[in-house]
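Coordinate analysis (summary)
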Amino acid sequence: MTYWRLHYHLIWATFEREPSITPEREKMFYGVLYNKAKELGVKIHAAGNIEDHAHVVASIPPKLAVADCVRHLKGASSYAINHMDGSDGKFKWQEGYGALSIGERSLETVKEYAAKQKEHHRENKTIEVYERMEEDDA
């Protein structure tokens with residue numbers, strides 16, 4: 001078996017940053033996220049969100065490209081959210097994502113940051129580099 005330790009902090013937003021991750025959708029998102037990750041052989045260490053974006057800390061095996069992993073996670077979650085009872089079928093994620101590689105020593109810190117998204121945003125204690133989703137973000 002191949003030895004690997006490839007950890008990533010992934011960030012992606014709702015379409016046009018609409019605050020469309022409701023508590024009901026959030027519940028569906030996490031269920032699908034963890035199930036799809038398991039199917040892909042991806043280990044989710046932590047995840048968190050606010051109404052307009054999500055953070056996922058994951059270990060992605062080298063046989064799976066980061067872009068493909070994110071595509072599968074975003075696709076499966078938007079599909080499930082759009083097929084929930086009472087859904088208008090219009091939920092979608094913004095194109096693109098942010099991906100940062102994480103060393104073993106930083107993993108715990110980044111896991112805590114992702115898991116406590118609501119708290120960090122409420123207290124205005126976000127870390128800029130951990131919130132970036134586009135190259136030209138300030």
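This text follows the structure it describes.
Our subject in this report is the structure included herewith.

Calculation criteria
- Residues numbered from 1 in each chain as written.
- Predicted model: local features only at pLDDT ≥ 70, side-chain atom pairs only at ≥ 80, totals over all residues.
- Heavy atoms only, no water.
- Salt bridge = Lys/Arg side-chain N within 4 Å of Asp/Glu carboxyl O.
- Helix = DSSP H or I, 4+ residues; strand = E, 2+ residues; numbered from the N terminus.
- Buried < 20%, exposed > 50% of the residue type's maximum accessible area, 1.4 Å probe, protein only.
- Expected span 1.5 Å × (residues − 1).
- Contact = heavy atoms within 4.5 Å.

Let's shift gears to the pattern of salt bridges. In total, this model carries 8 salt bridges according to the counting rule given. Note that Asp-88 is salt-bridged to Arg-25, the shortest N-O span being 3.8 Å. Here Asp-88, found in the loop between α2 (66-82) and β4 (98-102), pairs with Arg-25, found in helix α1 (residues 23-40); they are 63 residues apart in sequence, far enough to count as distant. Relative accessible area serves as the criterion here: at 52%, Asp-88 is assigned to the exposed category. Relative accessible area serves as the criterion here: at 17%, Arg-25 is assigned to the buried category. The closest approach of N and O atoms between Lys-116 and Glu-112, which form a salt bridge, is 3.3 Å. The exposure class of Glu-112 is partly exposed, given its relative accessible area of 45%.

Turning to α2, a few remarks are in order. The end-to-end C-alpha separation of α2 is 24 Å, in line with the 24 Å expected for 17 residues at 1.5 Å each. All buried positions along α2 are accounted for by Val-66, Cys-69, Val-70, Leu-73, Lys-74, Ala-76, Ser-77, Ser-78, Ala-80, Ile-81 and Asn-82. Considering only its buried residues, α2 is in contact with β1 (7-13), α1 and β4.

Looking now at the environment of His-121. For His-121, the position within the fold is in helix α4 (residues 117-122). Residue His-121 is classed as partly exposed on the basis of its relative accessible area of 27%. Sequence-wise, His-121 and Ile-50 are 71 residues apart; in three dimensions their C-alpha atoms are separated by 7.9 Å. Contact partners of His-121, with chain neighbours within four places excluded, come to Ile-50, His-53, Thr-126 and Glu-131.

Everything listed is a geometric property; what it means functionally is a separate question.
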